[in-house]
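Coordinates in review
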Amino acid sequence: MITIDMERHLLLKDRQPFFYLADTVWNAFVRATPKEWETYLTYRRSQGYNVVRISAFGIYNDRSIGEDDLHPFEFTTKGKYDFAKVNEAYFDRAAEMAEAAVHHGFILDLTLFWLCYVKDTQSWPPDPDWVIPFERIEPLTHLLIDRFGRFDPIYCISGDTNFGSEDTIRYYMKAFKTVKGRVTNAVTTMHIAGNVPMLPEVFMKSELLDFVLYQSGHDRDNQQHAYTYALGFLGERPIINGEPCYEGMHFDDERGGHYAAPHVRRAMWSSLLAGAKAGFTYGAHGMWSWHREDERFLNGESLPGWETAMRFEGAWEAVSPNGCSSVITFTILNRHYHSFKMRHPTFVRQLQRMPVSS
Amino acid sequence: MIYQPDNVHLRLVLDAGAYDWDVIELEGKRILKPDVRVENGISTLKRHPFQSDSLWIGIRK
């Protein structure tokens, strides 16, 4: 079970410092077959990863499409999810996948409500028919606790979200209170969008939120967010970069090219040494959506298949064995935590005042 | 511990001479002893010969 060390800003597992080293497989429950899932878990665990991040209901607005996909809900006549009619087969398979992950030694980071299912978010394309009615948030949260609670997941209340209105906050607060009201010692967090540098005050001031996940994201001209966002969150809670640039993703501009291992590495070290030292999340384009080579991606872009994406070089950057792994760094920072904590912000300000070296 | 995304001289307001430094070139995972100079309380970590980003690890002597 994961707990929080609020003094040292760390996650603990069995009361020992735990470096959250996650891989991103948002759509695994919708798309992965049991055989594929076993292949994936075996490979990622052999690399040293210890957390899998999955969207409980998948990501409907941004996904790969296959004929054998399972869906969490039945469909309405308009082709949208009917959030009152649960597809039990989906949750049976998802629970088996969660059990397999735990068996391999992973912690399940379960994202409850992806932004497309929540009111007044910047989900693209915007489609109110995908939004869960507010009165269904509490029962669906209970459903997820019923199905996955026995695996002691991290409850990530939101997925990739912004906060467009008070209703958005109301949705997530309802999910928070439902989880914390029912699950003793539940560990919670939120996954926020790349253009959201700070959580709304109501969450930052709330005891319902246990640790911070921010997203430095995929905008080529804003990769400094890996450290600027971390600095912004320095304070009371453990911090983790929950979505740096996805390896293999094309740059979102006209200049061409795509993110590769050095970009991932830069995001990782910039995050860790800016204070987001409780862990790191890796993401491979094609892996997160569980894409297959012969399938279509909803938003038109060509993606590598998941088996290719799984073997991208950047996944090794966080676990490189030659003395520079994030895990070793975590150990060092943890050991020297107090001096690191006091020096860092001052050190950054000093750097900013210094003239450029000739 | 310092992450250096680009290979440039780095100036620090601390006595870097009080530390033993290793530089890890993160592309090829090669390790070297860097050139560190201290003058009037300002330390200069000189550019290393590698192309890629690097991790500087200083352990107090």
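About the criteria used
Per chain, the residues get numbers from 1 upward, laid out in the order the sequence is written. Key to labels: chains lettered from A, ligands numbered from 1, both in the order written. Local features in this predicted model are restricted to residues of pLDDT 70 or higher, and side-chain atom pairs are both shown and tallied only at a pLDDT of 80 or more, whereas totals for entire chains, interfaces and linings draw on every residue. Excluding hydrogens and water, the side-chain figures rest on all heavy atoms present in the structure. Residue types Ala, Val, Leu, Ile, Met, Phe, Trp, Tyr and Cys, when buried and joined through side-chain atoms within 4.5 Å, form a set referred to as a nonpolar core. For each residue, the accessible area found with a 1.4 Å probe, counting protein chains only, is set against the maximum for its type, and the residue is called buried under 20%, exposed over 50%, and partly exposed in between. Should any heavy atoms of two residues lie within 4.5 Å, those residues are considered in contact. Only centres within 6.5 Å qualify two rings of Phe, Tyr or Trp (six-membered ring in Trp) as a pair; their planes then separate them into stacked at under 30 degrees, edge-to-face at over 60, and tilted for everything else. A helix here means a DSSP run of H or I that spans at least four residues, while a strand means a run of E at least two residues long, and both kinds are numbered starting from the N terminus. By salt bridge we mean one thing: a side-chain nitrogen of Lys or Arg within 4 Å of a carboxyl oxygen of Asp or Glu. UniProt positions are given in the numbering used here, feature names are shortened, and annotations may be inferred rather than shown by experiment. Strands are treated as partners if at least two bridges between them are detected by DSSP. Think of each axis as a best-fit line through the C-alpha atoms, taken over the contacting stretch in the case of a helix, with angles from 0 to 180 degrees between the N-to-C directions.

Further remarks concern the nonpolar core. Residue and element names in this part refer to chain A. Residues W37, Y40, F57, F113 and F148 are the most contacted members of the largest nonpolar core, which totals 108 residues. Not counting residues within four places of it along the chain, the set of residues in contact with F57 comprises V30, P72, F73, Y81, Y90, F91, L112, F113, Y117, I132, L140 and L144. The next biggest cluster of nonpolar side chains, apart from the first, holds 15 residues, and it includes I2, F211, L213 and I240.

The tally for this structure, following the rule as stated, stands at 34 aromatic pairs over all chains. An angle of 50° between the planes, with centres 5.9 Å apart, marks the rings of A:W37 and A:W290 as tilted. Here A:W37, found in helix α2 (residues 34-47), pairs with A:W290, found in the loop between β14 (279-282) and β15 (296-297); they are 253 residues apart in sequence, far enough to count as distant. We note that A:W37, like A:W290, is buried. Seen in terms of ring centroids, B:W21 and B:W56 are 6.3 Å apart; in terms of plane orientation they differ by 70°. Their pairing is edge-to-face. Of this pair, B:W21 sits in strand β3 (residues 19-25) while B:W56 is found in strand β7 (residues 54-60), placing the two residues 35 residues apart along the sequence. Its relative accessible area of 8% is what places B:W21 among the buried residues.

All names here are of chain A. One pass over the full model with this rule turns up 27 salt bridges over all chains. Of the charged contacts, one joins E295 and R31 as a salt bridge, the two residues approaching to 2.2 Å between their closest N and O atoms. Here R31 lies in helix α1 (residues 28-31) and E295 lies in the loop between β14 and β15, a separation of 264 residues in the sequence. A relative accessible area of 19% places E295 in the buried class. The salt bridge partner of D127 is K80, with a shortest N-O separation of 2.3 Å. Here D127 is found in the loop between β9 (107-114) and α4 (137-148), whereas its partner K80 is found in the loop between β7 (73-75) and β8 (81-86), with 47 residues between them in sequence. Assessed through its relative accessible area of 23%, D127 is described here as partly exposed. By relative accessible area, K80 is classed as buried at 16%.

Annotation from UniProt places "domain: Apiosidase-like catalytic" (unreviewed entry) at residues 7-317 of chain A. When the span residues 7-317 of chain A is considered, its composition is 30% helix and 18% strand, and the gap between its end C-alpha atoms is 28 Å.

A positive phi angle, close to 60°, is found at A:H9, a residue other than glycine. Of note, A:H9 is situated in the loop between β1 (2-5) and β2 (10-13).

In any sheet, the strands associate via hydrogen bonds between backbone groups, in a parallel or an antiparallel arrangement. Residues and elements named next belong to chain B. Taken together, 4 strands build an open sheet; the order of strands is β1-β7-β3-β4 and the sheet is antiparallel. At either end of the open sheet lies a strand with only one pairing partner, and these are β1 (2-4) and β4 (30-32). Each adjacent strand pair in this sheet contributes to an overall mean axis angle of 25°, direction not counted. In this sheet, β4 lies alongside β3 in antiparallel orientation, the contact comprising 3 bridges. Its bridge partner lying in β4, V23 is registered against L32.

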